[in-house]
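Letter by letter, the chains look like this.
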Amino acid sequence: MLYLGIAAVSVGGLSVLPFLLGDYGTGLLVGLAGYVTLATAWAMFSGPTRYISLATVAFFGVGAYTVAVLNEVLPYPLVLLCAAGIGATMALLVGLSTLRLAGIYFVIFSFGLAELVRQLITWFEVNVTGTLGRYIFLDLGAREIYWQLLALGVCTIGLAAWIRRSRLGLALRVIGDDETVAAHSGINLARSKLVLFVASATIITLVGAIQAPRWVYVEPSIVFNPTVSFLTVIMALLGGATRLWGPLCGAVPLFLLFEWLSARFPDHFSILLGLLFMAVVYALPNGVLAAIEGLRKPKRNGASKEATA
Amino acid sequence: MSELLTTDALTKRFGGLTAVDGVSLTVRKGEVLGLLGPNGSGKTTLMNLISGALKPSEGRLLIAGSDLTGARPDRIAKAGVARTFQLVRILPSLTLRENVMVPAAFGPDRLWGAPLEARVTECLETVGLAARAGQAASELAYIDQKRLELARALAAGPRLLLLDEWLAGLNPTELHEGIGLIRRLEETGLTIIMVEHIMDAVRALCPRCAVMNSGKLIADGPTDAVLSDPHVVAAYLGEEDA
Ligand SMILES: Nc1ncnc2c1ncn2[C@@H]1O[C@H](COP(=O)(O)OP(=O)(O)OP(=O)(O)O)[C@@H](O)[C@H]1O
Ligand SMILES: [Mg+2]
């Protein structure tokens, strides 16, 4: 009950923020809410299974493109529903064909997937529809987009919390530790991984769909930018991908840092991103939250060792 | 007595090597079968075929009357087959309690909530690890990892328990305790197939023995008779432990 109270007050506070911050601040909030949701959804699957997916932008881009294609044809809620349906179907097909792969092959495949989808859409637009770019005419301001992302983010964290306590959450942790033991304990490996992969990818697709109106003009090279995939991974890893609040703790400071870096050093942004990626993986393999706990623990261990020595 | 496990000419080839060669075996409910044979004779491969880790090249596998030839390991686990591994496999990032929860939650009984907790506590108590339930499994010493693995297999509530050299690598005191533990499981009526090299343990625990050599079953019957069979002595016992 206490937690629900705190959650309600926080969400209430977060939703009035756009009124206090200006246009620039609201723009930042859109990005923040988007990346917190992306990182949490990513970690929902990749945290426990340890399958590093670089396919984030494949789904994100498909979400954005669905809105670009359908925004003049269907009412907005139906457009979102279509985006979710397309993302889920794509995740189902991709999952069925790749989740049997060992981790390292999965990483490479997932990276290739984003490029493949981008090339397919480019080819289709150029050769079939004859229009590469598309316009999104939706009357949605930054504020409305932020509220939608906030709602999606809250649902995502809620879902992640629920999964952690569920049978499925336990199954995925076991799979992450030892697939052989998991299978011999009665866990259906393929199905457990698939369910989570589809849930995670559907949320990611929706983030792309909801953010799409921010662009007004959309073409494949804009919405399928691989940086989105890499940022999502670094954010989740920095905070700790196996913890509920880890991705959020990683996404908030990193998003603000990236905003500042890309404004300050636009030409060197990719290099800085790469360096940061390496630093995070090298220095904090289990994320900051684990590192903070680790800082506390050694003291106790040290004390007990002294006592026995 | 009813037949719990039947293998019918079960065969497994790895390239040119036939690791298990036409093994037909029947185990009835409540039996404890010792599986012997020299190194590389195919004992672990046979256990892998029965538990679904490997798919047979030929032959059939029946568990409690249903044909599970070629079934995935999770289906076979749900049919009530639990196992330990020759090279002990614990789930290092989970606690002892969580390790033991897994087959109870996903196996034949699909427990959750209070019944799951009760099953976990009961199994940890059986192997003497209940006091350390909250500890991380990665912190355990070898013998305790073996105990944990057994507790995990028991948590499934198995009809058939496969033990692959579970007693190997224990010191004499631990071995004595281990034999006592398996004897108590036997007394509850559990059906067990145990691969074992330690003859004292086989004599103490297994009324019936089967012997493999080069993938083939060369003897199967009452332990005393099998251990004095000249073929068995020639193939196996003559080398080391007579
Ligand atoms: N996955 C595999 N691929 C190829 N060959 C294998 C495989 N598993 C086992 N073998 C081979 O099959 C034969 C039987 O091996 P297995 O492990 O079943 O013997 P074992 O009776 O359990 O021996 P040990 O007493 O040493 O445990 C060996 O020659 C082994 O090298
Ligand atoms: Mg073996």
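Residues numbered from 1 in each chain as written. Chains lettered and ligands numbered in written order. Predicted model: local features only at pLDDT ≥ 70, side-chain atom pairs only at ≥ 80, totals over all residues. Heavy atoms only, no water.

**A short note on the confidence of the model for chain B**
Close reading of the predicted structure is inappropriate where its pLDDT is low. Considering every residue of chain B, the mean pLDDT works out to 93; 97% of them sit at 70 or more. The ipTM for the predicted assembly is 0.93, set against a pTM of 0.85. (pLDDT = per-residue confidence, 0-100.)

**Structural notes on the packing of aromatic side chains**
Residue and element names in this part refer to chain A. By the definition in use, this model includes 14 aromatic pairs over all chains. Judged by centre distance (6.0 Å) and plane angle (80°), the rings of phenylalanine 59 and phenylalanine 197 are edge-to-face. Remark: phenylalanine 197 occurs in helix 9 (residues 189–211) and phenylalanine 59 occurs in helix 3 (residues 56–70); sequence separation between them is 138 residues. Accessibility classification places phenylalanine 59 together with phenylalanine 197 in one group, the buried group. (Phe/Tyr/Trp six-rings, centres within 6.5 Å; stacked < 30°, edge-to-face > 60°. Helix = DSSP H or I, 4+ residues; strand = E, 2+ residues; numbered from the N terminus. Buried < 20%, exposed > 50% of the residue type's maximum accessible area, 1.4 Å probe, protein only.)

**Section: the layout of surface pockets**
All names here are of chain A. As a volume, the largest pocket reaches approximately 1100 Å³. Every residue lining the largest pocket is counted, 41 residues in all, and those nearest its centre are Pro48, Arg164, Arg173, Thr242 and Arg243. Per-element tally for the lining of the largest pocket: the top contributor is helix 2 (residues 23–49), with seven residues. Among the residues making up the lining of the largest pocket, the classes are represented as 19 nonpolar, twelve polar and ten charged. Taken as a whole, the second largest pocket holds about 940 Å³ of empty space. Taken together, 27 residues make up the lining of the second largest pocket; nearest its centre are Ala7, Val11, Ile157, Trp245 and Leu248. Where the lining of the second largest pocket is concerned, the elements lending two or more residues are helix 1 (2–20), helix 2, helix 6 (142–165) and helix 12 (246–264). Tallying contributions element by element places helix 6 first for the lining of the second largest pocket, with ten residues. (1 Å grid on protein atoms, 1.4 Å probe; cavity = no way out; pocket = protein on both sides within 12 Å on 5 of 7 lines; lining within 4 Å. Points joined across faces, edges and corners; volume = space filled by probe spheres on them. Nonpolar A, V, L, I, M, F, W, Y, C, P; charged D, E, K, R; others polar.)

**Observations regarding empty space enclosed by the protein**
Scanning the model with the defined rule gives three cavities of 30 Å³ or more in all. Roughly 110 Å³ of volume is contained in the largest cavity. Forming the boundary of the largest cavity are 14 residues, of which His184 and Ser185 of chain A together with Arg83, Pro103 and Ala153 of chain B lie nearest the centre. A per-element tally of the lining of the largest cavity places strand 6 (residues 81–83) of chain B first, with three residues. If you add up the space inside the second largest cavity, you get close to 70 Å³. Breaking the lining of the second largest cavity down by element, the ones donating at least two residues are helix 2, helix 3 and helix 9 of chain A. Residue contributions to the lining of the second largest cavity peak at four residues, all from helix 9 of chain A. The residue makeup of the lining of the second largest cavity, split by class, is seven nonpolar, four polar and no charged.

**A word on helix 3 of chain A**
Helical geometry note: an α-helix holds 3.6 residues per turn, so side chains three or four residues apart project in the same direction. Compared with the 21 Å implied by 1.5 Å per residue over 15 residues, the 22 Å span of helix 3 of chain A between its first and last C-alpha is a close match. With 14 of its 15 residues buried, helix 3 of chain A lies for the most part within the structure. (Expected span 1.5 Å × (residues − 1).)

**Concerning the coordination of the magnesium ion (ligand 2)**
Six octahedral donors at a metal ideally form angles of 90 or 180 degrees, and four tetrahedral donors ideally form angles of 109.5 degrees. Within the first shell, the magnesium ion (ligand 2) binds the protein through Thr44 of chain B (OG1) and Gln86 of chain B (OE1), at distances of 1.9 to 2.1 Å. Highlighted residues: threonine 44 of chain B in helix 1 (residues 43–51) and glutamine 86 of chain B in the loop between strand 6 and helix 3 (96–106), separated in sequence by 42 residues. (Donors = N, O, S within 2.8 Å, 3.2 Å for Na, K, Ca; no water.)

**Things to note about the pairing of strand 9 (residues 208–213) of chain B**
All names here are of chain B. In terms of residue burial, strand 9 counts as a mostly covered element, since five of its six residues are buried. Relative to strand 9, strand 3 (residues 32–36) runs parallel, the two sharing four bridges. Of the residues in strand 9, the one forming a bridge with leucine 33 is arginine 208. For strand 9 and strand 10 (residues 216–222), the ladder comprises six bridges, and the chain directions are antiparallel. Following the sheet pairing, arginine 208 is matched in strand 10 by proline 222. Adjacent in sequence and paired antiparallel, strand 9 and strand 10 are bridged by two residues, among which serine 214 carries a positive phi angle near 45°. (Pairing = 2+ DSSP bridges.)

**Examining helix 9 of chain A**
Over its 23 residues, helix 9 of chain A extends 33 Å from the first C-alpha to the last, a length consistent with the 33 Å expected when each residue adds 1.5 Å. The buried count for helix 9 of chain A comes to 19 of 23 residues, which makes it a mostly enclosed element.

**With respect to unusual backbone geometry**
All names here are of chain A. Phi is positive for arginine 50, which is not a glycine, with a value near 65°. Along the chain, arginine 50 turns up in the loop between helix 2 and helix 3. A positive phi angle, near 65°, is found at valine 216, a position not held by glycine. Along the chain, valine 216 falls in the loop between helix 9 and strand 2 (217–218). By relative accessible area, which is 42% here, valine 216 ends up partly exposed.

**A word on the sheet that holds strand 10 of chain B**
All names here are of chain B. Strands sit in the order 6-7-8-3-9-10 across an open sheet of six strands; the sheet is mixed. The sheet is open, and its two edges are formed by strand 6 and strand 10, each paired on a single side. Shown here is a sheet whose adjacent strand axes are inclined to one another by a mean of 20°, direction ignored. Contacts from helix 5 (residues 142–155) reach strand 6 and strand 7 (160–164), with the element oriented near 160° to strand 7. (Axes fitted to C-alpha atoms, helices over the stretch in contact; angles between N-to-C directions. Contact = heavy atoms within 4.5 Å.)

**Observations concerning the site of ligand 1**
Residue and element names in this part refer to chain B. Taken together, 14 residues lie near ligand 1, and Gly40, Lys43, Thr44, Thr45 and Gln86 sit nearest. Contact distances for ligand 1 include 3.2 Å between an oxygen atom and a backbone N or O atom of serine 41. Between ligand 1 and glutamine 86 there is a distance of 2.8 Å, counted from an oxygen atom to a side-chain nitrogen or oxygen. Among the elements of the structure, strand 2 (17–28) and helix 1 are those that each provide at least two residues to the shell around ligand 1. For the shell around ligand 1, the residue count by class is four nonpolar, eight polar and two charged. (Near = heavy atom within 4 Å. Polar contact = N/O pair within 3.5 Å; in protein donor to acceptor, adjacent residues only side chain to side chain.)

**So, the domain arrangement of chain B**
Residue and element names in this part refer to chain B. Splitting chain B by domain gives domain 1 (1–80 + 159–242) and domain 2 (90–157). A straight line from the C-alpha centre of domain 1 to that of domain 2 covers 24 Å. At the interface, 18 residues of domain 1 touch 14 residues of domain 2. On the surface where domain 1 and domain 2 come into contact, there are four residue pairs in polar contact (both at pLDDT 80 or more). Sorting the residues of the side of domain 1 that touches domain 2 by element identifies helix 2 (73–78), strand 7 and helix 6 (172–187) as the ones contributing at least two each. If you tally residues by element for the side of domain 1 that touches domain 2, the top one is helix 6, at five residues. (Domains from an automatic or database assignment.)

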